[in-house]
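Listed below are the residues making up each chain.
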Amino acid sequence: MTQPDKNKVLRMLPIITGGLGGTLLMINRFFTPNLLASQARSDVVGVILSAFLILTGLLWQQIQSRSPDTVKLIGESGFELLPELSEIAKTELAWASSLLLSNTVTKTIIIWYEGKVLLRRGILPSESQVQPGAILKRVLEKQKPIYLVDLKVYPGRIEFNYLPENTQGVICQPIGNNGVMILGANAPRSYTKQDENWISGIADKLTYTLSKKSGLFHF
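What you see is a predicted model; the values in this text were computed from it and never measured.

Peer 1: Can you explain the pattern of salt bridges? Please cite residues and give values.
Peer 2: Enumeration over the complete set of coordinates arrives at 5 salt bridges. E80 is the salt-bridge partner of R120, the closest N and O atoms lying 2.9 Å from each other. Of the two residues, R120 sits in strand 3 (residues 116-124) while E80 sits in strand 1 (residues 76-81), which places them 40 residues apart along the sequence. Note that K205 and E92 form a salt bridge whose closest N and O atoms lie 2.5 Å from each other. A residue pair is termed long-range when its members are at least 10 positions apart, and K205 in helix 5 (residues 193-210) and E92 in helix 3 (residues 87-103) qualify at 113 residues.

Printed below as a string of structure tokens:
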């Protein structure tokens, strides 16, 4: 669903004003039988001002950033943790996922580590198993995040069947050498550079916690 643009009328105002002013000048010129030199100079100034307003309006249309279109993700709201995780790990994962859901555009979070889904939270589909495809394998191999700004245009989107089917954007953030944090958004091109830095910092914190084997699972 497209978000309403509350500033659309304001951005159109210079174009409307400039066009109206230019039209009135032309009408006034047409109905003036004897044109005085002073009136001619005034008309020139009026035309310049009208053109300036129209140009300003056009520039506003281009410069003003348009909010990405958002959709309602298909799935049910949920929060699942792997039962055998230690209380320390559960607390850390709950904290990290809560921060991401409340401070970024993220709507779905999957944390996959050492072949297990440790956490699913947000809007979730029925499919819960993660089978790493080419994109996740590349993230693990290169140890660099991959941001799919508009998921529907990527052929590799089929590997993300564990995300809502209409997920718009995805970030795959490595958690050390053994895991990936997969984040889904309900709008394309919606993550900012600040969001990416925030996600990277949380992933580093999780890497430290999850790498401590003694605190990861109950024995």
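Okay, back to it.
Peer 1: Summarise the sheet that holds strand 1; cite the residues concerned and give the values.
Peer 2: Backbone-to-backbone hydrogen bonds pair the strands of a sheet. The strands run either parallel or antiparallel. Taken in spatial order, the 6 strands of this open sheet run 1-3-2-6-5-4, and their pairing is antiparallel. Of all the strands in the sheet, just strand 1 and strand 4 (146-148) have a single pairing partner and so form its edges. The sheet shows a mean angle of 15° between the axes of neighbouring strands, direction not considered. Across 7 bridges, strand 2 (residues 106-113) lies against strand 6 (residues 179-185) in antiparallel orientation. By the bridge assignment, W112 is partnered in strand 6 with V180.

Peer 1: Would you mind going over the pairing of strand 5 (residues 169-175) in detail, with residue names and values included?
Peer 2: Most of strand 5 sits inside the fold, with 7 of its 7 residues counted as buried. Burial along strand 5 is two-sided: the face carrying G169, I171, Q173 and I175 and the face carrying V170, C172 and P174 are both buried. Taken together, the 7 bridges between strand 5 and strand 6 define a ladder with antiparallel strand orientation. Along strand 6, the bridge assignment pairs I175 with G179.

Peer 1: Describe a nonpolar patch on the surface, naming the residues involved and giving the relevant values.
Peer 2: On the surface, a cluster of nonpolar side chains totalling about 290 Å² of accessible area is made up of L20, L24 and I27. Among the structural elements, I27 can be located in helix 1 (residues 8-30).

Peer 1: I'd like a rundown of the packing of helix 3 against helix 5, residues and numbers included.
Peer 2: One way to put it is that helix 3 packs onto helix 5 with a least axis distance of 11 Å and a crossing angle of 175°. The orientation of helix 3 relative to helix 5 falls into the category roughly antiparallel. Judged by residue contacts, E92, L93, W95, A96, L99, L100 and N103 of helix 3 engage D195, W198, I199, I202, K205, L206 and T209 from helix 5. Taken together, the residues of the contact of helix 3 with helix 5 sort by class into 9 nonpolar, 2 polar and 3 charged.

Peer 1: I'd like a rundown of the side chain of T104, residues and numbers included.
Peer 2: Positionally, T104 belongs in the loop between helix 3 and strand 2. Of the residues examined, T104 reaches a relative accessible area of 11% and is grouped as buried. A polar side-chain atom of T104 sits 2.6 Å from the main-chain carbonyl oxygen of L100. A polar contact of 2.8 Å, which involves the side chain of T104, links it to the side chain of T106. Setting aside chain neighbours within four positions, we find T104 in contact with L99, Y191, D195 and W198.

Peer 1: Which residues make up the packing of aromatic side chains, and what values go with them?
Peer 2: Summed over the entire model, instances satisfying the criterion amount to 2 aromatic pairs. Residues Y147 and Y191 carry aromatic rings whose centres are separated by 5.6 Å and whose planes lie at 85° to one another, so their mutual orientation is edge-to-face. Highlighted residues: Y147 in strand 4 and Y191 in the loop between strand 6 and helix 5, separated in sequence by 44 residues. For the pair shown, Y147 and Y191 are each scored as buried. Summarising the aromatic geometry, the rings of F160 and Y162 are spaced 5.9 Å apart at their centres and angled 65° between planes, so their arrangement reads as edge-to-face. When the ring centre of F79 is taken as origin, the NZ or CZ atom of R121, which lies over that ring, is 4.0 Å away. Its end group placed over the ring of W95, K205 keeps NZ or CZ at 5.8 Å from the ring centre.

Peer 1: Describe the nonpolar core, and please don't skip the residues or the numbers.
Peer 2: Of all hydrophobic cores here, the largest spans 24 residues; its most connected members are I111, L118, M181, L183 and L206. Of all the secondary structure elements, the ones that give two or more residues to this core are helix 3, strand 2, strand 3, strand 5, strand 6 and helix 5. Top contributing element to this core by residue count: helix 5, with 5 residues. Apart from residues lying up to four places away in sequence, M181 is in contact with L100, I109, I110, I111, I171, C172, Q173, I175, I199, A203 and L206.

Cut-offs used in this document
- Residues numbered from 1 in each chain as written.
- Predicted model: local features only at pLDDT ≥ 70, side-chain atom pairs only at ≥ 80, totals over all residues.
- Heavy atoms only, no water.
- Salt bridge = Lys/Arg side-chain N within 4 Å of Asp/Glu carboxyl O.
- Helix = DSSP H or I, 4+ residues; strand = E, 2+ residues; numbered from the N terminus.
- Pairing = 2+ DSSP bridges.
- Axes fitted to C-alpha atoms, helices over the stretch in contact; angles between N-to-C directions.
- Buried < 20%, exposed > 50% of the residue type's maximum accessible area, 1.4 Å probe, protein only.
- Patch = residues over 30% accessible without salt bridge, like charges linked within 9 Å, V, L, I, M, F, W, Y side chains within 5 Å.
- Areas by Shrake-Rupley, 256 points an atom, 1.4 Å probe, with all protein chains shown as cover.
- Parallel < 35°, antiparallel > 145°, perpendicular 65-115°, else oblique.
- Contact = heavy atoms within 4.5 Å.
- Nonpolar A, V, L, I, M, F, W, Y, C, P; charged D, E, K, R; others polar.
- Polar contact = N/O pair within 3.5 Å; in protein donor to acceptor, adjacent residues only side chain to side chain.
- Phe/Tyr/Trp six-rings, centres within 6.5 Å; stacked < 30°, edge-to-face > 60°.
- Lys NZ or Arg CZ within 6 Å of the ring centre and 35° of its normal.
- Core = buried A, V, L, I, M, F, W, Y, C linked by side-chain atoms within 4.5 Å.

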